[in-house]
Amino acid sequence: MKHIRNFSIIAHIDHGKSTLSDRLIQETGIISDRDFKDQILDTMDIERERGITIKSQTVSLPYKAKDGNEYVLNLIDTPGHVDFTYEVSRALASCEGALLIVDASQGVEAQTLANLYLAMEHDLEIIPVINKIDLPSAEVDWVKGQIDEDLGLDSQAAILTSAKNGIGIVDVLEAAVTLLPPPEGDPDAPLKAVIFDSHYDPYRGTVVHFRVFDGTIKAGDTIKFMSNDASYKVEEVGVFQIVRVPRKVISAGEVGYLIAGIKTVSDTRCGDTITHLRRECETIVAGFKDPTPVVFSSIYPVASDDYEELIVAMEKLKLNDASLIYEKDSSAALGFGFRCGFLGLLHLEVVQERLEREYGLSLILTAPSVQYEVEFHTGAEEIIDNPALYPDPTTIKRTSEPFIKAAIIVPERYMGAVMKLCLDRRGMSVNYQYLTNSRMEMVFELPLAEVVYDFYDKLKSITQGYGSFDYELVGYKETDLVKLDFLINGEKVDALAQLVHKDRSVSRGRIACAKLKEEIPRQMFKVAIQGAIGAKVVSRETISAYRKDVTAKCYGGDISRKRKLLEKQKKGKKRMKMVGQVEIPQSAFLAVLKSDD
Amino acid sequence: MNPGLYIHVPFCLRKCPYCDFYSEADLTLKSAFLEALRCEMALVAEALPDAGGFDTVYFGGGTPSLLEPSEVAGVLDAVQRHFTVADDVEVTLEVNPGTVTPEKLAGFRHAGVNRLSIGVQSLDDATLRFLGRLHNAEQARDVLDAARACGFASLSADLIYGVGGATGQSVEAVLSDVTALLSYAPEHLSCYMLTLEEGTPLHARHSNNDFMMPDETAQGTLFSTVSDTLTEGGYLHYEVSNFARSPGFVSRHNTKYWEMVTTVGLGPSAHGFWCGGGGRQEPSRWWNVANLRSWLACLKEGRRPVQGEETLDREALMTEALYLGLRRMEGVALKDFHRRFAVDLVSVLGGLFGELEEQGLMVRSSDAIRLTRRGFAVADGIVLRLLQAL
Ligand SMILES: Nc1nc2c(ncn2[C@@H]2O[C@H](COP(=O)(O)OP(=O)(O)OP(=O)(O)O)[C@@H](O)[C@H]2O)c(=O)[nH]1
Ligand code: SF4
Ligand SMILES: [Mg+2]
């Protein structure tokens, strides 16, 4: 066990975690050059397309250190985007150490700090790494100053790397061996392991990812999940080395996977403790904090008959995305679906894309909403996160909305622009402080509803990419809320309704109507789009009717050609939802949220 | 209804830049073509023994008027020998201005042709030039006059409108073209909105931004201008692109395509349709190879020059029946549709029908649904919506 090191690579988004992982993997030679590709741990299509990590990935690296000993380095590459912090915190729970990467040209950013705090909460040993030193804009001394002062770490211990050019890679491996502590635990004690992730394999069923704290686990063992007493006979255990590599046994301090013919998808719960049926451990592992979803939206299949498939897909996706929370839901316009909680809008998009790609579904998501607290005249209270369920306003005494504390790190020169953005979003400046190198941390209280949609994009654009932010929920404040309905040719579409602050309702209605006009294709007849609060119409747009859509010639060969075209078009139309007689494309449901201001 | 016979004459003096029909500009193979045509007739008569009883023969192309009257007579004679032909057969021949003299027209009539379809396209020289036609307006007028003079009682004229470029057709320009044509009082008119077919030189020039086409709204206006003018002039707008002076002058041959009646196609690229039954169970479509040399080679080996064939299942038949039916003034007969496909169109349509009716695009009589003339202009979109509902 003293030759095992478990550590995560953490950083702000894009600072080079996955690229550094690549180099460490190559250095230890577990993959041939022929099979290698950049950011090899970003296995999902959506990760590769967007160039970001969404899921934490574990890889087990054999390393012969300069001290002559053979080590096993269990590395976890984590995502940097704020929506996926939950992935990071679960990874950290299986580790004794962390490599905290800082981009030599960008310096310390908001998630550098946020992830540092997370690692400190887990009492991890932290090694700072300054990456991208090859860049002409790299300023190593500038970053060292930030590491000392803003992070409170020792910059003399920082390792300088260029993950791109393979500089400093052996230094990182050596530092992991010499500076990080080995895991503790008793291999002879009863089995105690924690599930930190899982995924569904169509041939093998559920594959459970776990870390062993005490005891050992091997094929043939009968194990038990402590939360629901489900017991299984283990078929295979092993480690992750890009592919699954079976092993005879996984012992205390190690990380691995198990396959046990688990058919009931919902048996496996992230954070659950695994033990042996006949020799149980006495206490369970502390598990993980429940994720806190911040936006809620309903998911419906475009074709109502796909609902059964959606049920199965949600269960399987949940295995691989512990932060996804959902329950059954139904809509007058869209039929049966699920009400889901997400950690942010990117998370929402990822879930939609994964369901569509991995399970071949075509989906509609309704306008995301935060959770409001509604107090009635009767004294009763209710939490509302679905605009369709917003009660009759005359029965409401008071409505409150969630607020966040946002910490924004920007170079000083953008202070004015950031201030304006936050005030426009109904924010309140709480505090600000100067950091090293003429950067500052500005703290605001903002309504969550104002940041979930496009705040991050706006912040990036007004600060030319230099601004970064992190936030936490701080509580509820009274608000003046209205329900904004949308009517298409006079028919109210519940799935488009939004809850918005009264001051913003008219402009929101106007923008959303304009967006709908862009998204809804022209039809054979005129389409009227209206935004309304109660009976009052606050905005309207009209889509004029098609004037000409007909093939001129229709003889002999034209007929089968046209028929084939119609058949093809009919299939292509699947992503449209009929509301009344109007075809609304899937994209329209999300487009209404984008603001233009 | 009796079946129809189509004969594709694959020769043109020159290829028009918008045309995607199959034809060759080299006429040296004309006699070989005519000879092989007889072989094809023999093979078809053998393969489809019960196809007989043709009451239409249609010479299309290409430019059939490049054939000599004697050659047309020879072909018609062969048709009589190989197939059963109805007594009142309608024999149509497509004529391009500039390829015929009054004598030649008289010769066609004498050979048995009783209906001419004249490729006028426009009576405006600038438009004809834009279309890259070989003839001018005067030649077109001459053919119209000559056809009348030699006694054809059933004339059809083709018109193309909605062309682009500097000629860019205004409503007035289209109106004057239509009005000019009306002064010849043709029994039948086919008015086609110019379509840029992929693979044609005109399409390539447009992609290259050489000229602009009227936008969709302008096209809609032109479509209704043509429809309104001809309707006011007493014509029946009986199919999206076709007009007849009276029900008796509706194209008997083309109606077979739209009513899904058996048609046999001869010549390169010709298509055929079998409406089902008669030992050859399933309804099917087939098409000849679209290349004169390959077509000749097949026939030389005594094989039918069929390049492809597809049988139509219920779904395909239903799609075609809806599409073809709604393009016609009669619309889709509800009882008939129900009998053939066990689908109650009215209930499937549900609210959509109300919406379309309210917008003046569709109407329903007790036994049929049909598109209005305004509905014709968006027929493709409407059919697609109906298909989705099915
Ligand atoms: N010049 C230079 N570019 C680098 C270096 N390391 C990474 N990059 C580039 O930085 C970008 C982001 O790299 P990733 O490894 O995907 O970053 P990440 O931290 O894993 O990003 P997330 O997982 O999305 O948080 C990519 O374009 C890399 O090629 C480096 O040392 N030098
Ligand atoms: S004459 Fe007719 S068939 Fe020949 S190329 Fe021109 S349009 Fe096509
Ligand atoms: Mg990454």
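Nothing here was measured: the structure is a model prediction, and the numbers come from that model.

Undergrad: Report on the overall build of chain B, specifying residues and quantitative values.
TA: Each helix and strand in chain B was counted, giving 16 helices and 15 strands. Against the globule reference of 21 Å for 390 residues, chain B gives a C-alpha radius of gyration of 21 Å, in line with a compact fold. Dimensions of chain B, computed from C-alpha atoms along their principal axes, come out at roughly 60 × 55 × 45 Å. Burial status across chain B gives 45% buried among its 390 residues. Across chain B, every contact between residues at least 6 apart in sequence was considered, and the portion connecting residues at least 24 apart equals 70%.

Undergrad: Run through the pairing of strand β13 (residues 243–247) of chain A, naming residues and quoting values.
TA: Successive residues of a regular strand alternate their side chains across the two faces of the sheet. Residue and element names in this part refer to chain A. Relative to β13, strand β12 (residues 236–241) is paired through five bridges, and the arrangement is antiparallel. Bridging from a neighbouring strand, Gln-241 pairs with Val-243 of β13. Counting the residues between successive antiparallel strands, the hairpin from β12 to β13 contains one residue, one of them, Ile-242, with a positive phi of roughly 75°.

Undergrad: For the site of ligand 2, give the residues involved together with the corresponding values.
TA: In the vicinity of ligand 2, the contacting residues are Cys-12, Lys-15, Cys-16, Cys-19, Phe-21, Ser-23, Gly-61, Gly-62, Thr-63, Asn-96 and Gly-119 of chain B. By residue class, the composition of the shell around ligand 2 is four nonpolar, six polar and one charged.

Undergrad: So what's going on with helix α2 (residues 69–82) of chain B? Which residues, and what values?
TA: All names here are of chain B. Spanning 14 residues, α2 covers 20 Å between terminal C-alpha atoms, matching the ideal 20 Å at 1.5 Å per step. Along α2, the residues classified as buried are Pro-69, Val-72, Val-75 and Val-79. Angular distribution of buried residues about the axis of α2 spans 125°; they occupy a single face of the element. Of the residues in α2, the exposed ones pointing more than 90 degrees away from the buried face are Ser-70 and Arg-81. For α2, the secondary structure elements touched by its buried residues are β1 (4–9), α1 (30–47), β2 (54–61), β3 (85–95) and α3 (102–111).

Undergrad: Got a sec to walk through the sheet that holds strand β5 (residues 125–131) of chain A? Specific residues and values, please.
TA: Residues and elements named next belong to chain A. Spatially, the six strands line up as an open sheet ordered β2-β3-β1-β4-β5-β6, and their pairing is mixed. Each edge of the sheet is formed by a strand with only one pairing partner; in this case those strands are β2 (57–64) and β6 (159–160). As judged from the five bridges shared by strand β1 (residues 4–11) and strand β4 (residues 97–103), these two strands associate in the parallel manner. By the bridge assignment for β4, Phe-7 is matched with Gly-97. Of the strands in this sheet, β4, β5 and β6 touch helix α5 (residues 140–149), which is tilted by about 160° from β5.

Undergrad: How would you sum up the packing of helix α6 (residues 171–182) of chain B against helix α8 (residues 216–232) of chain B? Please name residues and give values.
TA: All names here are of chain B. Viewed as axis vectors pointing N to C, α6 and α8 meet at an angle of 30°, and their least axial separation amounts to 10 Å. Here α6 lies roughly parallel to α8, going by the angle between them. Between α6 and α8 lies a crossing whose hand is right-handed. Contacts from Val-171, Val-174, Leu-175 and Val-178 in α6 reach Thr-221, Leu-222, Thr-225, Val-226, Thr-229 and Leu-230 in α8. Taken together, the residues of the contact of α6 with α8 sort by class into seven nonpolar, three polar and no charged.

Undergrad: How would you explain the sheet that holds strand β13 (residues 332–333) of chain B if you had to name every residue and give the values?
TA: Residues and elements named next belong to chain B. The sheet built from three strands is open, its strands ordered β13-β15-β14 with antiparallel pairing. Each end of this open sheet is capped by a strand with a single partner; those strands are β13 and β14 (362–365). Relative to strand β15 (residues 368–371), β13 runs antiparallel, the two sharing two bridges. Bridging across to β15, Val-332 finds its partner in Ile-369.

Undergrad: Quick one: what's the story with the domain arrangement of chain B, residue by residue and with numbers?
TA: Residue and element names in this part refer to chain B. Taken domain by domain, chain B consists of domain 1 (4–256) and domain 2 (315–389). Placing a centre on the C-alpha atoms of domain 1 and another on those of domain 2 gives a separation of 29 Å. Each partner contributes residues to the interface: domain 1 has nine residues there, and domain 2 has eight residues. For the side of domain 1 that touches domain 2, the elements supplying multiple residues, two or more each, are α8 and β7 (236–239). In terms of residue class, the side of domain 1 that touches domain 2 is built from four nonpolar, four polar and one charged.

Undergrad: Which residues make up the site of ligand 1, and what values go with them?
TA: All names here are of chain A. What surrounds ligand 1 is a group of 21 residues, the closest being Gly-16, Ser-18, Ile-52, Thr-53 and Gly-80. Among the elements that take part in the shell around ligand 1, helix α1 (residues 17–27) stands out by supplying three residues, more than any other. For the shell around ligand 1, the class distribution of residues is six nonpolar, ten polar and five charged.

Undergrad: So what's going on with the packing of helix α13 (residues 556–572) of chain A against helix α11 (residues 314–326) of chain B? Residues and values would help.
TA: When two helices pack together, their arrangement is given by the angle between their axes and by how far apart the axes lie. One way to put it is that α13 of chain A packs onto α11 of chain B with a least axis distance of 10 Å and a crossing angle of 105°. On the basis of the axis angle, α13 of chain A is roughly perpendicular to α11 of chain B. On the side of α13 of chain A, the interface is formed by Ile-559, Lys-562, Arg-563, Leu-566 and Glu-567 of chain A, while α11 of chain B contributes Ala-316, Thr-319, Glu-320 and Tyr-323 of chain B. Each residue belonging to the contact of α13 of chain A with α11 of chain B can be placed in one class, and the counts come to four nonpolar, one polar and four charged.

Undergrad: Tell me about the confidence of the model for chain B, and please be specific about residues and values.
TA: In this model, chain B carries an average pLDDT of 93, and 97% of its residues clear a pLDDT of 70 or more. Here the predicted complex carries an ipTM of 0.92, next to a pTM of 0.72.

Undergrad: Explain the nonpolar core to me, using residue names and the numbers behind them.
TA: By size, the foremost hydrophobic cluster in this structure holds 159 residues, and its most contacted members are Ala-98, Leu-100 and Ile-408 of chain A. Per element, the largest residue contribution to this core is seven residues, and it comes from strand β23 (residues 396–411) of chain A. Setting aside residues no more than four positions away along its own chain, Leu-100 of chain A makes contact with Ile-10, Ala-11, Thr-112, Asn-115, Leu-116, Ala-119, Ile-126, Pro-128 and Val-129 of chain A. Counting 108 residues, the second-largest nonpolar core is a separate cluster that includes Val-95, Val-120, Trp-295 and Leu-324 of chain B.

Undergrad: Pulling in residues and values, what's your account of the environment of Asp-177 of chain B?
TA: Residues and elements named next belong to chain B. By secondary structure assignment, the location of Asp-177 is in helix α6. With 23 C-beta atoms packed within 10 Å, Asp-177 lands in the buried category. Taking the C-alpha atoms as reference points, Asp-177 and Gln-121, separated by 56 residues in sequence, lie 9.3 Å from one another. Those residues in contact with Asp-177 that lie beyond four places of it in its chain are Ser-122, Leu-123, Asp-124, Leu-159 and Tyr-161.

Undergrad: Please set out unusual backbone geometry residue by residue, giving values where relevant.
TA: For the bond running from Gly-61 of chain B to Gly-62 of chain B, omega is 20°, close enough to zero to count as cis. On the secondary structure map, Gly-62 of chain B appears in the loop between β2 and α2. Despite not being glycine, Asp-14 of chain A has its phi angle at roughly 75°, a positive value. Its place among the elements puts Asp-14 of chain A in the loop between β1 and α1. Its 19 C-beta neighbours within 10 Å are what place Asp-14 of chain A among the partly exposed residues. We note that Ile-242 of chain A has phi near 75°; this positive angle belongs to a residue other than glycine.

Undergrad: Can you break down the environment of Arg-269 of chain A residue by residue, with the values?
TA: Residues and elements named next belong to chain A. Mapped onto the secondary structure, Arg-269 falls in the loop between β15 (255–259) and β16 (273–276). For Arg-269 and Val-208, which are 61 residues apart along the polypeptide, the C-alpha to C-alpha distance reads 9.3 Å. Once residues within four sequence positions are removed from consideration, Arg-269 is found in contact with Ile-195 and Ser-227.

Undergrad: With reference to specific residues and values, describe the pairing of strand β6 (residues 188–193) of chain B.
TA: All names here are of chain B. Of all six residues making up β6, five are buried, and the element is well covered by its neighbours. Of the strand pairs in this sheet, strand β5 (residues 155–161) and β6 are connected by six bridges, and their pairing is parallel. Bridging from a neighbouring strand, Ser-156 pairs with His-188 of β6.

Cut-offs and rules
Along each chain, the written sequence defines residue order, and numbers are assigned to residues from 1. Written order decides the labels, with chains lettered from A and ligands numbered from 1. Per-residue local features are limited, in this predicted model, to residues with pLDDT of at least 70; the limit for side-chain atom pairs, both in listing and counting, is 80 or more; totals at the level of whole chains, interfaces and linings are taken over all residues. Helix numbers and strand numbers start at the N terminus; a helix is a DSSP run of H or I with at least 4 residues, a strand a run of E with at least 2. The atom set for the radius of gyration is the C-alpha atoms, and the globule formula is 2.2 Å times the number of residues raised to the power 0.38. Exposed residues have 12 or fewer other C-beta atoms within 10 Å of their own C-beta, buried residues have 20 or more, and partly exposed residues fall in between, where C-beta atoms are placed from the backbone. Any pair of residues counts as being in contact when their C-beta atoms, constructed from backbone geometry, are within 7 Å of one another. Any two strands are treated as partners once DSSP identifies two or more bridges connecting them. Residues are classed as near a molecule or strand if the C-beta position derived from their backbone is within 6 Å of it. Under the scheme applied here, ten amino acids are nonpolar (Ala, Val, Leu, Ile, Met, Phe, Trp, Tyr, Cys and Pro), four are charged (Asp, Glu, Lys and Arg), and all others, including Gly, are polar. An expected span of 1.5 Å times one less than the residue number is assigned to each helix. The directions considered for the arc are those from the helix axis to the C-beta atoms. To obtain each axis, a line is fitted to C-alpha atoms, and for helices this fit is confined to the stretch in contact; angles are then taken between N-to-C directions over 0 to 180 degrees. Here the word oblique covers every angle except those under 35 degrees (roughly parallel), over 145 (roughly antiparallel) and from 65 to 115 (roughly perpendicular). Crossing handedness is read from the near helix: turned anticlockwise from the far helix by less than a right angle, it gives a left-handed crossing, and turned clockwise, a right-handed one. For each domain, the first and last residues come from an automatic or database assignment. The predictor's confidence in any single residue is recorded as pLDDT, a number from 0 to 100. When buried Ala, Val, Leu, Ile, Met, Phe, Trp, Tyr and Cys residues are joined through C-beta atoms within 7 Å, the set is termed a nonpolar core.

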